[in-house]
Amino acid sequence: MKLRNIFTLYTAGFAALVIIVGLLEAAGVLQLQGISWIFMGFSVLVYAMIGFITRTSDPSEYYVAGRGVNSIYNGMATGSDWMSAASFISMAGLLFALGHAGLAYIMGWTGGYVLLALLLAPYLRKFGQYTIPDFLGARYEGNLARTIGIICAIVVSFTYLTAQLTGVGLIVSRFIGLPQDVGIYVGLAGVLVCSFLGGMRAVTWTQVAQYIVLIIAYLIPVIVLSTVIFKVPLPQLTYGQVLQSITVMENQIAGRENPNLASIPEERLNKRIDPEKEKETRALWANDVKVLTARLSNPDSALQAMRAEIDARLAALAPEAIAAKKSALEKEKADLSALLAAAAQPIDEAKRAELTTRLAAIDKELAALTPEAVAKAKEKAEKDKAALPKDVEDAKTKWNAALTTAKAQATPPKPYLAIPEGIGMVNFLGLIFCLMLGTAGLPHILTRYYTTPSVKQARSSVAWSLFFIFLLYFTAPAYAAFAKYEVFINLVGTPIAELPSWIARWKIVGLFDVVDKNGDGIVQFADFVVKSTDFVVLATPEIAGLPGTITGLVMAGGLAAALSTADGLLLTISNAISHDLYYKIINPQASVSARVWISKILLVLIALGAATFAAFVKLPVIANTVAWAFSYAASSIFPALVLGIWWRRTTAAGAIAGMIVGLVISIYYSFAHFNGAANWFGIDNRSAGLFGVPAAFLVMIVVSLLTPEPNKKLQEFVYSVRFPKGAMKGKEVEAIGAKA
């Protein structure tokens, strides 16, 4: 059967499954958790079947899918490989939080494909090998450049992979009810079954199937919302009206003037928004900022004072202390009562009122000394003591985190449509720059262009990749806007006692919290504490009150996005070690079967290592970690590839030195800035490539000019690669890569 027919049947089958699940939910047969199990089971079963059917030990099939993937399917597979948990889960969340400033992700990631199409993809396909280190080893004359390329590929891919596995754990934990740590391993099993059996061949066809699921899952919720609100199923066209409502409600919350209030229909605003209560709540958060800032100015002393205060509370609750206090209060009460009752000692009204007030206070104090009240107070004091930081370092960490939250909650929401200014604009443009170059330097994406039959197909598959990615990226801003609108409409002003059930379900996952800061029993926007914006896409169907089938569908889409990218990354790392390190450097005589089996064993070991690491570090926001991976790729692999193709004078020494310098600078700045140890010109750690990229290019150019130019044969090879016709054979490349 033709591939087109197979995937048409698959799409129809998936649509039928969604309809059947929806009907069963409407009939009351299925609840959300059952729906989630069905979608997850379907996904893993399909991926496992593809892995089993396409299993192979042939190296060409295992490493590059036999170079038989046409441009359309390669575009779909690349789109799926590309649209990871960061794109599906995290990107709309960042737009939700940052507004227009979050568009840097869309612009950077999309623009990177233009660079990829113009500068790299067809030329790498003409080179015609298996991996990016293959190119570096041939172009830069030996194994040292190949080894540095292997290290860069592993660092970039492992960072990226950790973020994907975090997304897998998040989805499984929320929808299946497993702990996030366990969810990471469960989701990973689906990846391994596929990539272990069939390598790139299985991964390619799995990614095509995953693309179909993820694009349907991403579009359906926002199409439904647009239809419900505007009667138009085109959210990309209607979300401009949603932005108008968001702007008005933001101004109400922040206490700003609202010139466009009259132009918005009442049903698209929230009358329960109370500007005064919002202001009061923010003031309480601002007070927390002062308290925490004071504690952090002398954390040792503050921690001791807190311990002493709790110890004093506990001492006051000891049986002897309680008995003594109770006795004293009862005696005082008896004396005052006698005084009030004594007719021989008349007292004036003011004194009588004073005594009466004191008697009432004594009654309250006695009520707090009943065994039940004492036990409750003791339990709270012990709980407060247990919650105290263990030591000064722990105190600094917790109080700094609390300070960050308090500052965010104390600040009125910025206008969603605000354009970044000053250093904000520098970081906006810097992030676009790093994401563009990083996109064009990602090893697992570049490897996909080795799988097409020809150079022409490689070039056209870039265009197809852009089209399939466009479908999701064009919708992401609408998704974020509708999500924010639903939070404003459905959450703000709701009584705490009537909070919808999705709040409790998502609070367990720990991505946000709802606190009644001013104790009025009503949710203000300042009570909505967002700890990670990764909840936005996954939770929007529940926030909007859509059926559980759509929520389960989104879960299946998010899982497909995270697993498809994890597949490609795992293959990249295992192939870098088995093919580039073991076969090309350590044991060139290794048999074909030995190479493939080593790759499969490494696949399992790397997957377990990455899952353990992801479970241990618990990343705050997926897209931010992914941005680090892009900076690393932009600062190491991208300059070596671009100069390797477009400047014949680039030498091995220059490329090696540039890759090392660029990668080290980017890694250092991303971690140092994240931990507060470095802040160069106010540049955010997500844009670490702003320092690494120019350093890498500069070092490559200077060192190349200072060292002897490459031999004539190699320069002819570089020149020939630029002509997109034909493809080089393995022995031809090896002959060029051998040192003169």
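Residues numbered from 1 in each chain as written. Predicted model: local features only at pLDDT ≥ 70, side-chain atom pairs only at ≥ 80, totals over all residues. Heavy atoms only, no water.

(A) Representation of the overall build of the protein chain in the model. When its secondary structure is counted, the protein chain shows 29 helices and 2 strands. Dimensions of the protein chain, computed from the C-alpha atoms along their principal axes, are close to 120 × 60 × 50 Å. Within the protein chain, the proportion of its 740 residues that are buried is 54%. A separation of at least 24 residues holds for 82% of the contacts in the protein chain among residues at least 6 apart in sequence. Per element, the accessible surface of the protein chain, about 30400 Å² overall, is 66% carbon and sulfur. Between the mean site of the 62 positive side-chain charges and the mean site of the 51 negative ones, the protein chain shows a separation of 12 Å. (Helix = DSSP H or I, 4+ residues; strand = E, 2+ residues; numbered from the N terminus. Buried < 20%, exposed > 50% of the residue type's maximum accessible area, 1.4 Å probe, protein only. Contact = heavy atoms within 4.5 Å. Areas by Shrake-Rupley, 256 points an atom, 1.4 Å probe, with all protein chains shown as cover. Lys, Arg positive; Asp, Glu negative; His and termini not counted. Charge placed at Lys NZ, Arg CZ, Asp CG, Glu CD.)

(B) Main features of helix H14 (residues 349–367). Between its first and last C-alpha, H14 extends 27 Å over 19 residues, near the 27 Å set by a 1.5 Å rise per residue. Within H14 the residues assigned to the buried category are Leu355, Leu359, Ile362 and Leu366. When H14 is viewed along its axis, its buried side chains cluster within an angular range of 60° and face the same direction. The outward face of H14, more than 90 degrees from its buried face, is lined by the exposed residues Glu349, Ala350, Thr357 and Lys364. Tucked inside the fold, the buried residues of H14 contact helix H13 (319–341). (Expected span 1.5 Å × (residues − 1). Arc of directions from axis to C-beta.)

(C) Looking closely at the packing of aromatic side chains. By the definition in use, this model includes 34 aromatic pairs. When the centroid spacing of 5.1 Å and the interplanar angle of 70° are considered together, the rings of Phe88 and Tyr218 count as edge-to-face. Taken together, the residues Phe88 in helix H5 (residues 85–98) and Tyr218 in helix H9 (residues 180–230) connect sequence positions 130 residues apart. For the pair Phe88 and Tyr218, one class covers both residues: buried. Ring geometry for Trp109 and Tyr473: centres 6.3 Å apart, planes at 35°, overall tilted. Linking Trp109 in helix H6 (residues 103–127) with Tyr473 in helix H19 (residues 455–473), this pair joins segments that are 364 residues apart in sequence. For Trp109, a relative accessible area of 1% puts it in the buried group. An aromatic cluster is defined as three or more aromatic residues linked by ring pairs; in this entry it consists of Phe96, Trp502, Phe512, Phe528 and Phe535. Directly above the ring of Phe96 sits Lys484, whose terminal nitrogen or CZ lies 5.1 Å from the centroid. (Phe/Tyr/Trp six-rings, centres within 6.5 Å; stacked < 30°, edge-to-face > 60°. Lys NZ or Arg CZ within 6 Å of the ring centre and 35° of its normal.)

(D) Focus on a nonpolar patch on the surface. On the surface, Ile72, Trp464, Phe467, Phe470 and Phe474 cluster together into a nonpolar patch covering about 460 Å² of accessible area. Ranked by residue count, the leading element in the nonpolar patch is H19, at 3 residues. Structurally, Phe474 can be placed in the loop between H19 and helix H20 (476–490). (Patch = residues over 30% accessible without salt bridge, like charges linked within 9 Å, V, L, I, M, F, W, Y side chains within 5 Å. Salt bridge = Lys/Arg side-chain N within 4 Å of Asp/Glu carboxyl O.)

(E) Broad picture of the side chain of Thr650. Locating Thr650 in the fold gives a position in the loop between helix H25 (622–646) and helix H26 (652–674). Within the local environment of Thr650, its side chain forms a polar contact with the backbone oxygen of Leu643, the two atoms lying 3.2 Å apart. Engagement of the side chain of Thr650 in a polar contact is seen with the backbone oxygen of Trp647, the distance being 2.9 Å. Those residues in contact with Thr650 that lie beyond four places of it in its chain are Arg139, Tyr140, Leu643, Gly644, Ser704 and Pro710. (Polar contact = N/O pair within 3.5 Å; in protein donor to acceptor, adjacent residues only side chain to side chain.)

(F) Examining the state of the cysteines more closely. Counting across every chain of the model gives 0 disulfides. The closest cysteine sulfur to the non-disulfide-bonded Cys152 is located on Cys434, 16 Å from its own sulfur. Overall, the relative accessible area of 1% leaves Cys152 in the buried class. Residue Cys434 is classed as buried on the basis of its relative accessible area of 1%. (Disulfide = S-S within 2.5 Å.)

(G) A look at the environment of Ala688. One can find Ala688 in the loop between H26 and helix H27 (689–706). Accessibility expressed as a relative area gives 1% for Ala688, which makes it buried. Note: C-alpha distance between Ala688 and Pro639 (49 residues apart in sequence) is 15 Å. Ignoring anything within four residues of it in the chain, the contact list for Ala688 reads Ser631, Ser666, Tyr669 and Ser670.

(H) Representation of unusual backbone geometry. Unlike most non-glycine residues, Arg67 shows phi in positive territory, near 50°. In this fold, Arg67 is placed in the loop between helix H3 (59–64) and helix H4 (71–82). Here Glu141, not a glycine, exhibits a phi torsion of approximately 60°, which is positive. As for its placement among the helices and strands, Glu141 is situated in the loop between helix H7 (132–139) and helix H8 (143–176).

(I) Main features of the confidence of the model for the protein chain. Residues of the protein chain with pLDDT of at least 70 account for 96%, and the chain-wide mean is 87. Within the protein chain, the element-level pLDDT minimum falls on helix H29 (residues 730–737), averaging 54, and the maximum on H27, averaging 96. (pLDDT = per-residue confidence, 0-100.)

(J) Molecular detail of the environment of Trp82. Assignment of secondary structure puts Trp82 in helix H4. Once the C-alpha coordinates of Trp82 and Asn675 are considered, the two residues, 593 residues apart in sequence, prove to be 29 Å apart.

(K) Geometry of the packing of H25 against H26. Running from N to C, H25 and H26 point in directions that differ by 165°, and their axes come no closer than 8 Å. Compared by their axis directions, H25 and H26 come out roughly antiparallel. In this structure, the crossing between H25 and H26 has a hand that is right-handed. The residues of H26 that touch H25, namely those facing Trp628, Ser631, Tyr632, Ser635, Ser636 and Ala640, are Gly658, Met659, Gly662, Leu663, Ser666, Ile667, Ser670, Phe671 and Phe674. Tallied by class, the residues present in the contact of H25 with H26 amount to 8 nonpolar, 7 polar and no charged. (Axes fitted to C-alpha atoms, helices over the stretch in contact; angles between N-to-C directions. Parallel < 35°, antiparallel > 145°, perpendicular 65-115°, else oblique. Left-handed = near helix turned anticlockwise from the far one by under 90°. Nonpolar A, V, L, I, M, F, W, Y, C, P; charged D, E, K, R; others polar.)

(L) Region of the structure containing the nonpolar core. Grouped together as the largest cluster of nonpolar side chains are 194 residues, with contacts concentrated most on Phe39, Trp82, Phe88, Trp109, Leu120 and Trp506. Examining the composition of this core, we find that 19 residues originate from one element, H9, more than from any other. When neighbours within four sequence positions are excluded, Trp109 is seen to be in contact with Trp82, Ala86, Ser87, Met91, Leu435, Thr439, Tyr473, Val626 and Phe630. If you look at the next biggest cluster of nonpolar residues, it comprises 12 residues, including Trp285, Val289, Leu303 and Leu403. (Core = buried A, V, L, I, M, F, W, Y, C linked by side-chain atoms within 4.5 Å.)

(M) Representation of the side chain of Asn518 in the model. Along the chain, Asn518 falls in the loop between strand S1 (512–514) and strand S2 (528–530). Setting aside anything within four residues of it in sequence, one finds Asn518 in contact with Lys277, Glu280, Thr281 and Leu284.

(N) Layout of the environment of Thr54. Mapped onto the elements of the fold, Thr54 is located in the loop between helix H2 (32–53) and H3. Taking the C-alpha atoms as reference points, Thr54 and Thr110, 56 residues apart in sequence, are found 31 Å from one another. Discounting chain neighbours no more than four positions away, the residues touching Thr54 are Gly198, Arg201, Ala202 and Trp205. Here Ile50 takes part through its backbone oxygen, which lies 2.6 Å from a polar atom of the side chain of Thr54.

(O) Inspection of the pattern of salt bridges at higher detail. Evaluation of the coordinates by the stated rule reveals 19 salt bridges. Put simply, Lys396 and Glu393 hold a salt bridge, and the shortest N to O gap is 3.4 Å. Pair noted here: Lys396 and Glu393 are both in helix H16 (residues 392–410), with a separation of 3 residues, about one helical turn. The shortest N-O distance in the salt bridge between Arg686 and Asp684 comes to 2.8 Å.

(P) Layout of the packing of H8 against helix H23 (residues 548–586). Interhelical geometry of H8 versus H23 gives an angle of 155° and a closest axis separation of 8 Å. Considering the angle they form, H8 stands roughly antiparallel to H23. Every pair of crossing elements has a handedness; the one defined by H8 and H23 is left-handed.

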